[in-house]
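# Close look at the chain arrangement
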Amino acid sequence: VSLLEDRGGAMRSVLRLIRSFAKDFYEEKKSFMFLFTHSNEIAGVPDSIEGARSCVEKEVIRMLDGTKDEDTKAVLEVIRKCLRKAWPFADVFLPLRTDAKELASLIEKRLKPIEEPHLATTCGLTQSSRLTLSGEIQNQLQRLRRELSEGSPNADRVSEALKLFRYFCRYISMEDIRNANLEVDRLLKDYITQQI
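Presented here is a report on the structure given in the accompanying data block. Model, not experiment: these values are computed from the prediction.

Moving on, we come to the pattern of salt bridges. Counted under the stated rule, the structure contains 12 salt bridges. Between Arg 84 and Glu 57 there is a salt bridge, and its shortest N-O distance comes to 2.7 Å. In this pair, Arg 84 sits in helix H3 (residues 70-85) while Glu 57 sits in helix H2 (residues 49-65), placing the two residues 27 residues apart along the sequence. Given a relative accessible area of 51%, Arg 84 falls into the exposed group. According to the relative accessible area criterion, Glu 57 is buried, its value standing at 10%. Note that Arg 143 and Glu 136 form a salt bridge whose closest N and O atoms lie 3.7 Å from each other. Because the salt bridges share partners, they merge into one network encompassing Arg 145, Glu 183, Arg 186 and Asp 190.

Dropping the structure here:
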């Protein structure tokens, strides 16, 4: 994404998307790295890491000044700070000046996984999809209740239902799914207690 095109509009769009990957970007900022390439193609940018970093920082400051969205401002502010202090989470990449092995090592050692990857775990579900999924979760919960209330439930159906709920809980972060998973645990506990 170009810093210069569309007065930074394209960059802001990407930053909004990046921001949505974490519930609290500031807390998760060490899970992201912003690497600016082709800065040497911008007129007036010195052919040095420090000079390019300074020029990119000025562009980021210009974008900050023109940004109203607070989430995007938060990301831009982290980028600006990293560029100013030469922190490894935002930098420029000049093929003839940057040590690619050192950069790869830095990425492996410094970047941390996102604790709660918000967008990734919600899969970018639309409201309509969330409602459909919530309805299906409730249907599956009813089937499990019926199965466990019978005198001798089918072990394969119960096992499949448990796998389904665990799968959803592991990969999709939605309150309805967490609540359903708690209900599944309660149903199983009640069933086991009745059998003893």
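Relative orientation of the contacting elements helix H7 (residues 155-171) and helix H8 (residues 175-195) amounts to 145°, with a least axis distance of 9 Å. Of the two possible hands of crossing, H7 and H8 adopt the one that is left-handed. In this structure, H7 contributes Val 158, Leu 162, Phe 165, Arg 166, Phe 168 and Cys 169 to the contact, and H8 contributes Ile 177, Ala 180, Asn 181, Val 184, Asp 185 and Leu 188. Here the contact of H7 with H8 is composed, by residue class, of nine nonpolar, one polar and two charged.

One finds Leu 15, Phe 25, Phe 34, Phe 36, Ile 79 and Leu 83 to be the most contacted residues of the largest nonpolar core, which totals 26 residues. Looking at this core element by element, the count peaks at seven residues for H2. One finds Leu 133, Ile 137, Val 158 and Ile 177 within the second-largest nonpolar core, a separate group that totals 17 residues.

It is worth spelling out H3 at this point. Given a rise of 1.5 Å per residue, 16 residues ought to cover 22 Å, and the 22 Å separating the end C-alpha atoms of H3 matches this to within 8%. Those residues of H3 lying buried are Thr 72, Val 75, Leu 76, Val 78, Ile 79, Arg 80, Cys 82 and Leu 83. The inward-facing, buried residues of H3 contact helix H1 (9-19), strand E1 (34-37), H2 and strand E2 (90-93). Downstream of H3 by one or two residues, Ala 86 has phi in the positive range, about 60°.

Moving on to the pairing of E1. Burial of E1 is one-sided: the residues Phe 34 and Phe 36 facing one way are buried, the residues Leu 35 and Thr 37 facing the other way are not. Here four bridges tie E1 to E2, and the two strands are oriented parallel to one another. Within the sheet, the bridge partner assigned to Phe 36 lies in E2 and is Val 92.

Cut-offs used in this document
- Residues numbered from 1 in each chain as written.
- Predicted model: local features only at pLDDT ≥ 70, side-chain atom pairs only at ≥ 80, totals over all residues.
- Heavy atoms only, no water.
- Salt bridge = Lys/Arg side-chain N within 4 Å of Asp/Glu carboxyl O.
- Helix = DSSP H or I, 4+ residues; strand = E, 2+ residues; numbered from the N terminus.
- Buried < 20%, exposed > 50% of the residue type's maximum accessible area, 1.4 Å probe, protein only.
- Axes fitted to C-alpha atoms, helices over the stretch in contact; angles between N-to-C directions.
- Left-handed = near helix turned anticlockwise from the far one by under 90°.
- Contact = heavy atoms within 4.5 Å.
- Nonpolar A, V, L, I, M, F, W, Y, C, P; charged D, E, K, R; others polar.
- Core = buried A, V, L, I, M, F, W, Y, C linked by side-chain atoms within 4.5 Å.
- Expected span 1.5 Å × (residues − 1).
- Pairing = 2+ DSSP bridges.

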